[in-house]
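# Structural overview
Listed below, chain by chain, are the residues.
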Amino acid sequence: MSRLLPDLTPWHASADFRRLWVSGLVSNFGSFLTFVALPVQIKDLTGSATAVGAIGAVELLPLILFGLYGGALADALDKRRLILWTEAGQGLLSAALLVNASLPHPAVWPLYAVAALSSALVSVQRPALDSLLPRIVAHDDLPAAAALNSFRWTVGGVAGPAVAGVVVAYAGLGWAYGADLVTFLVSVALTVPIAASPASHEAAKPSLRAIAEGARYAWGRKELLGTYAIDLAAMFLSMPLAVLPFLADELDADWALGLMYASIPAGALLVSLVSGWTARVHRHGRMVVLSAALWGLAVAAAGAMANVWLVLLFLVVAGGCDMVSGIFRAAMWNQTIPDELRGRLAGIELLSYSVGPTLGQVRSGAMAGRFGVRASVGAGGLLCAGAVGLLALGLPALMSYDARTNEHALRLRAQRTDAAPTPL
């Protein structure tokens, strides 16, 4: 049984990892409150599935522009400082949502404006967070750290939507936005004690040339390219979140909306609780492919169900599959990318796992408006499984990846052996 439990070595060995983990847990919980409240408010104000799906459209351009440039900033500037300032900015956006929700007649346009600005801040912050991890955790502990970070995300993903469903229904949207604001204030306070993390001596200054250098490196690493392509296809073709409010309406189960939003993170949480087995798997690429295909099939099954409890069950299964894919993608990224390129590659990673869901909201909303909610969810899942299969056939380097023999993994392991953090 102990071989299945999460490996807590990074938590015990690094004080900065503990601080960052707790900070992320708090802010993730609040962010998921807003994640549910925002589309519900747009649905209430417009009554349009297309309008809800348009959240993804307004998030897309900031995500692309700031994701790439945010990666270059993470390589060139102090990562801790970037994390602090962007976290504070997110708090201000939560305050803006709270003010708008308090008005007698809330406006729709501020909701889209906040979504776009939040996308920009997250795009700057995530490369800094991702590239900081290999500096505060020993090389061989990086898969365990990825699993622990995923566990942190899923706790917020389960608790946040579940609480949001109750809060929005019985207390109002303002309470959800207000709670999110408080969590950002707490998160900033927890992040302040983390040690500075300046740029490495080899890091390039932020520029288009630096961004292009990172893109060339990623293109030359076909196994990395495969992880980006698989995740992008899976999230674009089968992310159902934008249409969940309408699916709940069709099932005459408005009470279950919070549970629907929480189901995918709940599945991820269940997997993370028994993630100890992931440390004994070395063929990471194959696990990415298998779990992404199963994610699509589970989403398709959820779209076909008429019983709300079966819908929730298959969404939980989908979330578990997505967690497995995420753990092994993160392990490949963290164990093979050199420090001086880590921020820029983290920016590209951000695009792969964020542009897909963002565009997926647009796709699912548009398909639901034209063909119906169930068709949008079910067809998207089947298309995902087919696309993943085709990508696996076209990317043999991904399927053959082995952490024990990959030249990039071996090189970084050797470089980091002498620089492993001292236990605190």
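Below, the structure is looked at part by part. Chains are numbered independently. Their residues run from 1 in the order of the written sequence. Residues qualify for local features only when their pLDDT is at least 70, as the model is predicted, and side-chain atom pairs are given and counted only at 80 or more; totals for whole chains, interfaces and linings, by contrast, use all residues. The side-chain figures draw on all heavy atoms in the structure; neither hydrogens nor water molecules are used.

### A closer look at the nonpolar core
Residues belong to one nonpolar core when they are buried, are Ala, Val, Leu, Ile, Met, Phe, Trp, Tyr or Cys, and are joined through side-chain atoms within 4.5 Å. Between buried and exposed lies partly exposed: a residue is buried under 20% and exposed over 50% of the maximum accessible area for its type, with that area taken using a 1.4 Å probe on protein chains only. Formed by 76 residues in total, the largest nonpolar core has its most connected members in Met260 and Trp295. The element best represented in this core is helix 13 (residues 308–336), accounting for 11 residues. Helical segments are the DSSP runs of H or I of at least four residues, strand segments are the runs of E of at least two, and each set is numbered from the N terminus.

### Looking at a nonpolar patch on the surface
On the surface, Leu290, Leu294, Leu297 and Leu382 cluster together to form a nonpolar patch covering roughly 370 Å² of accessible area. With three residues, the top contributor of residues to the nonpolar patch is helix 12 (residues 284–304). Relative to the elements of secondary structure, leucine 294 occurs in helix 12. Overall, the relative accessible area of 39% leaves leucine 294 in the partly exposed class. Candidates for patches are residues over 30% relative accessible area with no salt bridge; among them, like charges are joined within 9 Å and nonpolar side chains (Val, Leu, Ile, Met, Phe, Trp, Tyr) within 5 Å. Per-residue and other accessible areas follow the Shrake-Rupley method at a 1.4 Å probe size, with only the shown protein chains counted as cover for residues. One speaks of a salt bridge when a side-chain nitrogen belonging to Lys or Arg is within 4 Å of a carboxyl oxygen belonging to Asp or Glu.

### A look at the packing of aromatic side chains
Planes of paired rings set the category: under 30 degrees apart is stacked, over 60 is edge-to-face and the rest tilted, where pairs are Phe, Tyr or Trp rings (Trp by its six-membered ring) whose centres lie within 6.5 Å. By the definition in use, this model includes six aromatic pairs. Taken together, a centroid distance of 5.3 Å and an interplanar angle of 90° make the contact between tryptophan 11 and tryptophan 21 edge-to-face. Of the two residues, tryptophan 11 is situated in helix 1 (residues 9–13) and tryptophan 21 in helix 2 (residues 15–46); the sequence distance between them amounts to 10 residues. What makes tryptophan 21 buried here is its relative accessible area of 11%. With 5.9 Å between their ring centres and 80° between their planes, phenylalanine 35 and tyrosine 261 make a pair best called edge-to-face. With phenylalanine 35 in helix 2 and tyrosine 261 in helix 11 (residues 257–273), the pair connects residues that are 226 residues apart, well separated along the chain. By relative accessible area, which is 33% here, phenylalanine 35 ends up partly exposed.

### Points about unusual backbone geometry
With a phi close to 55°, aspartate 252 is a non-glycine residue in the positive phi region. Relative to the helices and strands, aspartate 252 resides in the loop between helix 10 (244–250) and helix 11. With relative accessibility at 68%, the residue aspartate 252 sits in the exposed group.

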